[in-house]
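# Residue-level structural notes
Below are the chains, spelled out letter by letter.
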Amino acid sequence: MSNKSEALSRRFEAAFMPNYGVPPVALARGEGSRVWDVDGAEYLDLIGGIAVSSLGHAHPALVEAVSRQVATLAHTSNLFLHEPEVLLAERLIGLLGAPARVFLTSSGTEANEAALKLAIKYGKANGRPYVVAAENGFHGRSLGALSLTGKASIRDQFGPFPADVRFVPYGDADALKNAVTAECAAVFLEPTQGEAGVVPPPDGYLRAVREICDTTGALLVTDEIQSAIGRTGHWFAHQHDGVLPDVLTLAKGLGGGLPIGACVGFGDAGTLFAKGDHGSTFGGNPVSAAAALAVLDTIESQGLLEHVKTVGTLLAEGIASVEHPLLKGVRGRGLWLAVVLTAERAARFQTAAQHAGFLVNAVQPDAVRLAPPLVITAEQVTSFVTALPALLDEASHD
Ligand SMILES: *Cc1c(COP(=O)(O)O)cnc(C)c1O
């Protein structure tokens, strides 16, 4: 580490609360799927700001849309409406292909707060006092979203929570069936669990969940904050299963790096909030809405959904083709994958990758998450696959 990185790390440590520790790299700039640190070292960005930088860094369409909007009208609050937010809501509804209403936020956790308030309102009106969520699921850090998050280490110390949440093992339709009665207001699920280590459910699980919700009258809320906006090769991950939720939450990839999230209610769920029930000053601000429109336009005009399927397959097959005692396999879909290890060496792998010029994320002790920009090239993907055996060797040593 050179002087500049080291000095910044020390200042970060002194000035910030210790909740993040000190991140290992100080980034200065990016272009496409490449980023450079403050000392000029170059990296291939295989994590994309945690599935956020859909168009990569400094994409001309995003730069143009954001620059134009910030120079025109940066903020209105919800006291006034503006065209970019209307265009964005209409665009999302069009992509979803079903009658729906949208609430815009500035982050993922806020999208889930909105969804939870919808569920609570629905529950109170119908004698349904609890909700169901999955063990190891992640829905955010604010107290409502945290109450849905099934990870004791980040959850328990902050209880009691505003909602009665019952947890079931992810992927087990029978357990869900037992937990969801006529007194359950809603089921909150990720279509694939992201923070748990990119863990897809068994085939047919989401369809079974949809059926259980239809039978009991519980709302199905899919948290697609990490999985949507082309990440899996579809606009939305639920489209792989042909299952439409009642409520859908989005954020991460939607703004391509600008802060924006959405809570979408389908059919009757779209009109559960009455005037005054909810709000956000920054939610759907014009700059973030313009960014999201640029992201959606570019995914469409550049054929990025097809591209994600092609390079995602190249990446997954490339990883699967490597034989190494530390490599167990690969899971996930599109450009959202986990390199699964046979031992708890993901942190070492992440460091080895960083030293070799690749940014990855040790999402679990034995799983390394890859969620690169959707614009990553076949050559860039191949460069990682080529380096993989050496990275696994390096991660195997103490
Ligand atoms: C990241 C994430 C969240 C929280 O989003 P923030 O923008 O960090 O608040 C919620 N749910 C899922 C599935 C996520 O991946």
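Rules and cut-offs
Residues numbered from 1 in each chain as written. Predicted model: local features only at pLDDT ≥ 70, side-chain atom pairs only at ≥ 80, totals over all residues. Heavy atoms only, no water. Buried < 20%, exposed > 50% of the residue type's maximum accessible area, 1.4 Å probe, protein only. Helix = DSSP H or I, 4+ residues; strand = E, 2+ residues; numbered from the N terminus. Pairing = 2+ DSSP bridges. Near = heavy atom within 4 Å. Polar contact = N/O pair within 3.5 Å; in protein donor to acceptor, adjacent residues only side chain to side chain. Areas by Shrake-Rupley, 256 points an atom, 1.4 Å probe, with all protein chains shown as cover. Nonpolar A, V, L, I, M, F, W, Y, C, P; charged D, E, K, R; others polar. Axes fitted to C-alpha atoms, helices over the stretch in contact; angles between N-to-C directions. Contact = heavy atoms within 4.5 Å. UniProt positions renumbered as here; feature names shortened; annotations may be inferred.

The element strand S10 (residues 261-266) is extensively covered by neighbouring structure, given that six of its six residues are classed as buried. As paired elements, strand S4 (residues 100-105) and S10 share six bridges and run antiparallel to each other. When the bridges of S10 are listed, arginine 101 appears paired with glycine 265. Judged from the four bridges that link them, strand S9 (residues 247-250) and S10 form a sheet pairing that is antiparallel. From the neighbouring strand, leucine 250 faces S10, where its bridge partner is alanine 262.

What follows deals with the sheet that holds strand S2 (residues 34-37). Here we have four strands laid out as an open sheet, ordered S1-S2-S3-S13, and mixed in their pairing. Both edges of this open sheet fall to strand S1 (27-31) and strand S13 (358-359), since each of them pairs with a single strand only. Here two bridges tie strand S3 (residues 42-45) to S13, and the two strands are oriented parallel to one another. Opposite aspartate 45, over in S13, you have leucine 359 as the bridge partner.

Right, let's get into the site of the ligand. Taken together, Ser107, Gly108, Thr109, Asn112, Phe138, His139, Gly140, Glu190, Asp223, Ile225, Gln226 and Lys252 are the residues near the ligand. At 2.8 Å, a backbone N or O of threonine 109 approaches an oxygen atom of the ligand. In isolation the ligand has 380 Å² of accessible area, and contact with the protein removes 80% of it. Among the residues making up the shell around the ligand, the classes are represented as two nonpolar, seven polar and three charged.

Spatially, seven strands are ordered S4-S10-S9-S8-S7-S5-S6 in an open sheet, and the strand pairing comes out mixed. The sheet terminates laterally at S4 and strand S6 (164-168), the two strands that pair on one side only. Pairwise comparison of adjacent strand axes, ignoring direction, gives a mean angle of 20° for this sheet. Strand contacts of helix H4 (residues 83-96): S4, S9 and S10, with the helix running at about 130° to S4, the strand carrying the most contacts.

Going from glycine 159 to proline 160, the amide bond is cis rather than trans, its omega being 0°. Of note, the phi angle at alanine 51 is positive, near 65°, even though the residue is not glycine. In this structure, alanine 51 sits in helix H2 (residues 48-51). Look at valine 198: it is not a glycine, yet its phi comes out positive at around 50°. Looking at where valine 198 falls in the secondary structure, it is placed in the loop between strand S7 (184-189) and helix H9 (205-216). Using a relative accessible area of 0% as the deciding quantity, one classes valine 198 as buried.

The positions UniProt marks with the feature "binding site: pyridoxal 5'-phosphate" (unreviewed entry) are Gly108, Thr109, Phe138, Asp223, Glu224, Ile225, Gln226 and Thr281. Spanning 174 residues, the named residues are also spread out in space, since their farthest C-alpha pair is 25.1 Å apart. One can find glutamate 224 in the loop between strand S8 (219-223) and S9. Within the fold, glutamine 226 resides in the loop between S8 and S9. Among the polar contacts listed, one links the side chain of glutamine 226 to the side chain of glutamate 195, at a separation of 2.9 Å.

Sites flagged by UniProt as "binding site: N(2)-acetyl-L-ornithine" (unreviewed entry) map to Arg141 and Ser280. Its place among the elements puts arginine 141 in the loop between strand S5 (130-134) and helix H6 (143-148). Residue arginine 141 is classed as exposed on the basis of its relative accessible area, which comes to 55%. Those residues in contact with arginine 141 that sit more than four places away from it in its chain are Thr109, Leu146 and Ile154. Mapped onto the secondary structure, serine 280 falls in the loop between S10 and helix H10 (286-301). The class for serine 280 is buried, based on a relative accessible area of 16%. Once residues within four sequence positions are removed from consideration, serine 280 is found in contact with Asn78, Phe103, Ser106 and Glu110.

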